[in-house]
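Report on the structure
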Amino acid sequence: MEVVFASSPGPGGTNEDALVAGADFAVVIDGATAEPDTDPGCVHGVRWFAVSVASELGRLLTGDAARALPLADVLHRALDAVGRSHAHTCDLTNPCSPSGTVAMVRTGAGGIEYLVLGDAAFVAEEERGEVRVVSDDRIRRFDDRPWAALRQVRNVPDGFWVAGSRPEAAHHAITGALPLARLSRAALLTDGASRLVERYGWGWPALLDLLETHGPADLIAQTRAAERATPPGSFPGKAHDDATAVLCRFPGGRQR
């Protein structure tokens, strides 16, 4: 698998996205911005959490022991390890403790596996140019709630699930597999990098073409240009967000 990526903070901010990739895997983590004026119970912060989870996933996915494990089990182990690493200094029962969304892909014998937890996205071009998009939109059921109220429905039954201090969230992720022969390319995107489609009217094939021809950095640059050209208040949520885009090519897959 060939991997090309770019990551950029929202203007004037710190990048709370993280990514890791190897010969047969790629992962993006989108750290959830901390609630303002709220004690998260953690002395480390969101960026530390996102980088720590990405690093642990990279360690596990590079090793032989995880090759036979489903991606949900790998993520469970990573979240458990990160939790144990700071349980002695931080209150992991705090509902505002650091969390994030995850998108992962791994190639294997004749196919790929994917995992999505939260509103990151896995996008794959299949046969005849058909595009499969996998994103976990359970949080959108609560769009009418103020930000502070989301803690009540985060990582609970009938709520929405993200990577955080409860490792069992990994088993609520959306997972699947596709035959490698049907694929030529795929992308992993944090929600700050999928805005050209979700806010600005692009189609997924056009986004994949942009990634292929100009690269992830150009996708982020065009996203920033669209954000700057949009009047304030046009969309709910942040005007700008951290953005991470990963393009995966599969030389052994379908030829375009």
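Note that the structure is predicted; figures quoted are calculated from it, not measured. (Residues numbered from 1 in each chain as written. Predicted model: local features only at pLDDT ≥ 70, side-chain atom pairs only at ≥ 80, totals over all residues. Heavy atoms only, no water.)

A word on the overall build of the protein. Each helix and strand counted, the protein has five helices and ten strands in total. Along the three orthogonal principal directions, the C-alpha set of the protein runs to about 50 × 50 × 30 Å. A buried classification covers 51% of the 256 residues belonging to the protein. Long-range contacts, defined as pairs at least 24 residues apart, comprise 70% of the intrachain contacts of the protein with a sequence gap of at least 6. For the protein, the exposed area adds up to about 11,300 Å²; of that, 52% sits on carbon and sulfur atoms. Seen as two clouds, the 25 positive and the 33 negative side-chain charges of the protein have centres 2 Å apart. (Helix = DSSP H or I, 4+ residues; strand = E, 2+ residues; numbered from the N terminus. Buried < 20%, exposed > 50% of the residue type's maximum accessible area, 1.4 Å probe, protein only. Contact = heavy atoms within 4.5 Å. Areas by Shrake-Rupley, 256 points an atom, 1.4 Å probe, with all protein chains shown as cover. Lys, Arg positive; Asp, Glu negative; His and termini not counted. Charge placed at Lys NZ, Arg CZ, Asp CG, Glu CD.)

On to the sheet that holds strand 5 (residues 111-117), then. Each strand in a sheet pairs with another by means of backbone hydrogen bonds, the pair being arranged parallel or else antiparallel. In spatial order, the strands read 2-3-4-5-8; together these five strands make up an open sheet with antiparallel pairing. Because the sheet does not close on itself, it has two edges, and the strands there are strand 2 (17-22) and strand 8 (174-179). In this sheet, neighbouring strand axes are inclined to one another by 10° on average, regardless of whether the strands run parallel or antiparallel. As paired elements, strand 2 and strand 3 (residues 25-31) share six bridges and run antiparallel to each other. (Pairing = 2+ DSSP bridges. Axes fitted to C-alpha atoms, helices over the stretch in contact; angles between N-to-C directions.)

Moving on, we come to empty space enclosed by the protein. Evaluated as defined, the whole model comprises one cavity of 30 Å³ or more. Here the largest cavity defines a volume of roughly 40 Å³. Forming the boundary of the largest cavity are Phe49, Gly83, His86, Leu92, Ser97, Pro98, Gly164 and Ser165. Its residues assigned to classes, the lining of the largest cavity shows three nonpolar, five polar and no charged. (1 Å grid on protein atoms, 1.4 Å probe; cavity = no way out; pocket = protein on both sides within 12 Å on 5 of 7 lines; lining within 4 Å. Points joined across faces, edges and corners; volume = space filled by probe spheres on them. Nonpolar A, V, L, I, M, F, W, Y, C, P; charged D, E, K, R; others polar.)

Counted by the stated rule, this structure contains one aromatic pair. Between tyrosine 114 and phenylalanine 122, the aromatic rings sit 4.7 Å apart at their centres with planes inclined by 15°, giving stacked as the arrangement. (Phe/Tyr/Trp six-rings, centres within 6.5 Å; stacked < 30°, edge-to-face > 60°.)

What follows covers the pattern of salt bridges. On inspection of all chains with the given rule, the structure shows 16 salt bridges. For the salt bridge of arginine 84 with aspartate 80, the shortest nitrogen-to-oxygen distance reads 2.9 Å. One end of the pair, arginine 84, and the other, aspartate 80, are both in helix 2 (residues 71-86), four residues apart, so they sit about a helical turn from each other. Residue aspartate 80 is classed as partly exposed on the basis of its relative accessible area of 29%. (Salt bridge = Lys/Arg side-chain N within 4 Å of Asp/Glu carboxyl O.)

Attention shifts here to helix 1 (residues 46-62). Taking 1.5 Å per residue as the helical rise, helix 1 with its 17 residues ought to reach 24 Å, and the 24 Å between its terminal C-alpha atoms agrees with that figure. Of the positions making up helix 1, those classed as buried are Val46, Phe49, Ala50, Ser52, Val53, Ala54, Glu56, Leu57, Gly58, Leu60 and Leu61. Looking at the buried side of helix 1, the elements it contacts are strand 2, strand 3, helix 2 and strand 4 (100-108). (Expected span 1.5 Å × (residues − 1).)

As a further point, take the packing of helix 4 (residues 204-214) against helix 5 (residues 216-228). Here helix 4 crosses helix 5 at 125°, and the two axes come no closer than 7 Å. Compared by their axis directions, helix 4 and helix 5 come out oblique. Only Pro216, Asp218, Leu219 and Gln222 of helix 5 make contact with helix 4, whose side of the interface consists of Leu207, Leu210, Leu211 and His214. The residue makeup of the contact of helix 4 with helix 5, split by class, is five nonpolar, two polar and one charged. (Parallel < 35°, antiparallel > 145°, perpendicular 65-115°, else oblique.)

The first and last C-alpha atoms of helix 2 sit 23 Å apart over 16 residues, in line with the 22 Å expected at 1.5 Å per residue. Residues of helix 2 that are buried: Leu71, Ala72, Val74, Leu75, Ala78, Leu79, Ala81, Val82, Gly83 and His86. Of the surrounding secondary structure, the elements contacted by the buried residues of helix 2 are helix 1, strand 4 and strand 5.

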